[in-house]
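# Report on the structure
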Amino acid sequence: MKAKKILAAVTALSLTTVVFASCGDSADSSSTPVTTATTTTAAAESAADSAATDSSAGSTKGSDSDYTPVKTFKGYDAFLMFGDGEWLWGNWEGQGEPEATKAFGVDADITGDGEYTVSITNASISYDDPDEGINPQIALDGDYAVGAQGCVVMCVDIIGLLNGEKLKGTGDPKTDKETPGKYNADDLKVELKSIKADGQEVAFDKAKIKYGNIEDNNNCYRIEIYNDYGDTAKDSPIDKDNLAFEDSLEITFSIEGLSE
């Protein structure tokens, strides 16, 4: 355990040198395009990759008994993007994304209007995926991830929904983030319903949650709950420093305005 604490301290220290760009500079709920958005995802992924390099040294075989990833979706893939205060418990991609290597969540299949839950669990985050391998952004105690403390990013992305003006792809928008979807952000009504850490409600300020096409270089609809590189860092909806859990983090939201 002492080695893990030292590892975490080194990881946290190394991240202080990360570039200051945003993971997805927050726009307001009207989804006004943000001109710096095209550089922001690279910043967070660079920080995540740095943390992954540091944390992978302590990794052993993960759990494979309580979690089976679902990688095909009838509708839109929604996933919980998360990194804890030391950039561990990392989950950065949807399970339905082709060639995803940073996807370790329990995603939701958005097939129409309704209420949905996305999550990360100890079993999912420490899963030894035969295709993706072990999650590099965890510290393991045997087969299980050491509990999460704090957060640097907590967002929900729904892949394929939005028809951003900058998108030039020609593939299937549900699997290609650069292909325009069919909706404007203003066409949809999305509301964060609850956050649960180990089954316990986490308080949040509804008025401070950010919604919409926050990154205008992809077709994802985003619910930004907290982002070290976004506007929520200036005025956080949650008490991120006291967030802690060992088994699961669950986000429930509702969506209206889909025609499927």
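Residues numbered from 1 in each chain as written. Predicted model: local features only at pLDDT ≥ 70, side-chain atom pairs only at ≥ 80, totals over all residues. Heavy atoms only, no water.

Here we take up the overall build of the protein. Helices and strands together make up the secondary structure of the protein, namely 3 helices and 13 strands. By the burial criterion, 52% of the 260 residues in the protein qualify as buried. Of all intrachain contacts in the protein linking residues separated by at least 6 positions in sequence, the fraction that spans at least 24 positions is 71%. Looking at the protein as shown, the accessible area adds up to about 11,400 Å², and 49% of this sits on carbon and sulfur atoms. (Helix = DSSP H or I, 4+ residues; strand = E, 2+ residues; numbered from the N terminus. Buried < 20%, exposed > 50% of the residue type's maximum accessible area, 1.4 Å probe, protein only. Contact = heavy atoms within 4.5 Å. Areas by Shrake-Rupley, 256 points an atom, 1.4 Å probe, with all protein chains shown as cover.)

Chain-level statistics for the protein give a pLDDT mean of 82 and a share of 75% at 70 or above. Note that residues 1–42 has pLDDT below 50 and, in this model, 81 contacts with residues that lie over four places away or in other chains. (pLDDT = per-residue confidence, 0-100.)

Per the stated rule, a full pass over the model turns up 6 aromatic pairs. By the ring-pair criterion, three or more aromatic residues cluster together here, those being F82, W89 and F245. Residue placement shows K174 over the ring face of Y76; its charged tip is 4.8 Å from the ring centre. (Phe/Tyr/Trp six-rings, centres within 6.5 Å; stacked < 30°, edge-to-face > 60°. Lys NZ or Arg CZ within 6 Å of the ring centre and 35° of its normal.)

Most of strand β13 (residues 248–256) sits out of view: 7 of its 9 residues are buried. Pairing analysis gives 8 bridges linking strand β3 (residues 114–121) to β13, with the strands arranged antiparallel. Residue pairing in the sheet places T121 in a bridge with S248 of β13. As paired strands, strand β8 (residues 189–197) and β13 are joined by 8 bridges and run antiparallel to one another. In the sheet register, S194 faces β13, and the bridge partner there is T252. (Pairing = 2+ DSSP bridges.)

For the rest of this paragraph, the subject is unusual backbone geometry. Of note in the backbone geometry, E99 takes a positive phi value of approximately 60 degrees without being a glycine. Turning to its location among the elements, E99 is positioned in the loop between β1 (76–83) and β2 (108–110). If you check the backbone angles, D198 has positive phi at about 55 degrees while not being a glycine. Here D198 shows up in the loop between β8 and β9 (200–201). The partly exposed category is assigned to D198, whose relative accessible area is 31%.

Okay, the sheet that holds β2 next. Sheet architecture is open: 5 strands sit in the order β2-β1-β7-β11-β10, paired in antiparallel fashion. Edge positions in the sheet fall to β2 and β10 (210–212), since each of these pairs with one other strand and no more. For this sheet, the mean angle separating the axes of adjacent strands, direction not counted, is 20 degrees. Alignment of β1 against strand β7 (residues 153–158), held across 6 bridges, turns out to be antiparallel. Directly across from G83, in β7, lies its bridge partner V153. (Axes fitted to C-alpha atoms, helices over the stretch in contact; angles between N-to-C directions.)

On to the sheet that holds β13. Judged by pairing direction, the sheet is antiparallel, and its 4 strands sit side by side in the order β3-β13-β8-β9 without closing on themselves. Strand pairing shows two members of the sheet lacking a second neighbour, β3 and β9, which therefore form its edges. Two strands pair when backbone bridges link them, and β8 and β9 are joined in this way by 2 bridges, in the antiparallel orientation. Each bridged residue has a counterpart across the sheet, and for A197 the counterpart in β9 is Q200.

Ranked by size, the top nonpolar core spans 47 residues in total, and within it F82, I110, M154, L161, I195, Y221 and F253 carry the most contacts. When residues of this core are traced back to their parent elements, those giving at least two are β1, β2, β3, β7, β8, β11 (221–227) and β13. Apart from the residues lying within four places of it in its own chain, the contact partners of F82 are W89, G90, N91, W92, I120, G150, C151, V153, M154, L243, F245 and L249. In this structure, W92, V153, C220 and Y229 belong to the second largest nonpolar core, which totals 10 residues. (Core = buried A, V, L, I, M, F, W, Y, C linked by side-chain atoms within 4.5 Å.)

Let us now look at the pairing of β11. Most of β11 is tucked away, with 7 of its 7 residues classed as buried. Relative to β11, β7 is paired through 6 bridges, and the arrangement is antiparallel. Across the sheet, residue M154 finds its bridge partner in β11, namely Y226. Inspection of the sheet shows β10 paired to β11 by 3 bridges, in the antiparallel sense. Considered in β11, the bridge of Y211 is made with I223.

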